[in-house]
Amino acid sequence: MGRTFFVGGNWKCNGTREEVKKIVSTLNAGEVPSQDVVEVVVSPPYVFLSLVKGLLRPEFHIAAQNCWVKKGGAFTGEVSAEMLVNLGIPWVILGHSERRLILNESNDACICPLIPYIFSFQFVGDKVVYALSQGLKVIACVGETLEQRESGSTMEVVAAQTKAIAERVSNWANVVLAYEPVWAIGTGKVATPAQAQEPNTERDCKEGIFVDLVEINYIEGQVACYVTQPIEKLGTLGSVQVYLDIGLSHLSLEKGGDMPSHVVHFELRKWLQANTSPEVAATTRIIYGGSVSGANCKELAAQPDVDGFLVGGASLKPEFIDIIKSAE
Ligand code: PEP
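Remember, it's a predicted structure, so these values are computed and weren't measured experimentally.

Undergrad: Which residues make up the overall build of the protein, and what values go with them?
TA: When helices and strands are tallied, the protein shows 13 helices and 14 strands. By residue count, 40% of the 328 residues in the protein fall in the buried class.

Okay, structure coming up:
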């Protein structure tokens, strides 16, 4: 089933009026594939939403970077979903890791200490469902920290974050799921398939063997083994290449070990299939975010379960056009 490639640009808390105008004119001048090939959504800070909306080429769309969890009212400093709709802003990014980690927005229920009988919400899931109810489209972000990845709980974490959203959302047509490993955001450490081939020197030396790793075999929820040189390719399982195990099983990782990002995408789609519906799993776009650049976008875009990107730093630069072009 066709999933139109999606490229989002998260400008975060960056830019002056002049800088924003410059970014927009670069975007407007860029030669990019048509809208049926790639959907482009840029997300300026709130204060520049109207400016960007007035200047940006019409086939590119705009997202806010956040919105209030429920209907607006006496919430100083907040911006409501209704206000975004009123401004003609179609998209919003919710659950970004910077908000989860710095501003404590989580999957957990939060009870307002002042008026607990009125306000009790689970920030990310409730925001998603409220924004959708107001007619906004949502880029919902999930992703594990380095600590969680290293402890082998990547899938557990992203599944719990996705569950908090899935429990409340019945119509996924207006949701894009962004897998953004926290350790890859703004760090230059992109989880490319090529990176997944790098040896884990520490572990391999501990085993007394150093091998040239050519692929991580990830079969039915298990990282099976690392393999060396000429091996027989047995076939493909979903998006995962399945190779013959040549007997280095003592190098096996535990389930949920160091998964390459495209494997997380594959697993997330499997999770959606089991916990929502096959149709939602087949049609929902799962995009990748974390140090995506003009240099690495092509390789990532080639992964069958990577349906696009959410780009931070590089979305402020001309290379964002190259990232949009990776949809071709
Ligand atoms: C992001 O903030 O969503 C992001 C992916 O940032 P960067 O591309 O800079 O890592």
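Right, picking up where we left off after that structure.
Undergrad: Go over the nonpolar core with me, naming the residues and quoting the values.
TA: Core analysis: the biggest nonpolar cluster contains 81 residues, and Val 7, Val 92, Ala 131, Val 138, Ile 139 and Ala 140 have the highest contact counts within it. Ignoring any residue separated from it by four or fewer positions in sequence, one finds Val 138 in contact with Val 92, Leu 94, Val 128, Ala 131, Leu 132, Asn 174 and Val 175.

Undergrad: Lay out the sheet that holds strand β2 (residues 38-43) with the relevant residues and their values.
TA: Reading around the barrel, the eight strands line up as β1-β2-β3-β4-β7-β8-β13-β14 and close back on themselves, with parallel pairing between neighbours. Across the sheet, the axes of successive neighbouring strands diverge by a mean angle of 25 degrees, strand direction being ignored. Relative to β2, strand β1 (residues 5-10) is paired through six bridges, and the arrangement is parallel. Bridged to Val 7 within β2 is Val 40. Seen against the sheet, helix α5 (residues 123-133) touches β4 (91-94) and β7 (137-142) and runs at an angle of roughly 175 degrees to β4. Along the sheet, helix α7 (residues 154-166) makes contact with β7 and β8 (175-179), crossing β7 at roughly 155 degrees.

Undergrad: Kindly report on the environment of Ser 326, identifying the contributing residues and their values.
TA: In this structure, Ser 326 sits in the segment after α13 (319-325). Along the chain, Ser 326 and Leu 101 lie 225 residues apart, while their C-alpha atoms are 30 Å from each other. When sequence neighbours within four positions are dropped, the list of residues in contact with Ser 326 reads Cys 297, Lys 298 and Ala 301.

Undergrad: Explain the confidence of the model for the protein residue by residue, including any values.
TA: Mean pLDDT over the protein: 79, with 74% of residues reaching 70 or higher. In this model residues 192-258 is a low-confidence stretch, pLDDT under 50, and it forms 103 contacts with partners more than four residues away in sequence or in other chains. The ipTM for the predicted assembly is 0.98, set against a pTM of 0.81.

Undergrad: Explain the pairing of strand β13 (residues 285-289) to me, and be specific about the residues and the numbers.
TA: With respect to burial, β13 is a largely interior element, four of its five residues being buried. In terms of strand pairing, β8 meets β13 through four bridges, oriented parallel. Along β13, the bridge assignment pairs Leu 177 with Ile 286. Across two bridges, β13 lies against strand β14 (residues 308-311) in parallel orientation. The partner of Tyr 288 across the bridge, within β14, is Phe 309.

Undergrad: Hey, could you go over the pairing of β14 for me, with residue numbers and the actual values?
TA: Every second residue of β14 is oriented toward a common face, with Gly 308 and Leu 310 on one face and Phe 309 and Val 311 on the other, all of them buried. Pairing geometry for β1 and β14, over four bridges, is parallel. Each bridged residue has a counterpart across the sheet, and for Phe 6 the counterpart in β14 is Gly 308.

Undergrad: Describe the environment of Ile 286, with residues and values.
TA: Looking at the element boundaries, Ile 286 is found in strand β13. Ile 286 sits in the buried class, given 24 other C-beta atoms within 10 Å. In this structure, the C-alpha to C-alpha distance between Ile 286 and Thr 145, residues 141 residues apart in sequence, is 18 Å. With residues near it in sequence (within four places) discarded, Ile 286 still touches Leu 177, Tyr 179, His 265, Leu 268, Arg 269, Asp 305 and Asp 307.

Undergrad: Just give me the short version of unusual backbone geometry, but keep the residues and values in it.
TA: Its identity is not glycine, yet Lys 12 carries a phi of approximately 55 degrees, on the positive side. Within the secondary structure, Lys 12 is located in the loop between β1 and α1 (17-29). Its 18 C-beta neighbours within 10 Å are what place Lys 12 among the partly exposed residues. Positive phi, normally seen in glycine, also occurs at Asn 104, with a value near 65 degrees. Here Asn 104 lies in the loop between α4 (97-102) and β5 (109-111).

Undergrad: How would you sum up the environment of Arg 57? Please name residues and give values.
TA: Residue placement: Arg 57 occurs in the loop between α2 (49-55) and β3 (61-64). Looking at Arg 57, the number of C-beta atoms within 10 Å reads 12, which means it is exposed. Along the sequence, Arg 57 and Asn 174 sit 117 residues apart, while their C-alpha atoms lie 22 Å from each other. Setting aside its immediate chain neighbours within four residues, Arg 57 contacts Leu 27 and Asn 28.

Undergrad: Talk me through α7; I want residue IDs and the actual numbers.
TA: Look at α7: 18 Å from first C-alpha to last across 13 residues, which is about the 18 Å you get at 1.5 Å a residue. Burial of α7 is extensive: 10 of the 13 residues sit out of reach of the surface. Looking at α7, one finds that the buried residues are Thr 154, Met 155, Val 157, Val 158, Ala 159, Gln 161, Thr 162, Ala 164, Ile 165 and Ala 166.

What counts, and where the lines are drawn
Residues numbered from 1 in each chain as written. Predicted model: local features only at pLDDT ≥ 70, side-chain atom pairs only at ≥ 80, totals over all residues. Helix = DSSP H or I, 4+ residues; strand = E, 2+ residues; numbered from the N terminus. Buried ≥ 20, exposed ≤ 12 C-beta atoms within 10 Å, placed from the backbone. Core = buried A, V, L, I, M, F, W, Y, C linked by C-beta atoms within 7 Å. Contact = placed C-beta atoms within 7 Å. Pairing = 2+ DSSP bridges. Axes fitted to C-alpha atoms, helices over the stretch in contact; angles between N-to-C directions. pLDDT = per-residue confidence, 0-100. Expected span 1.5 Å × (residues − 1).

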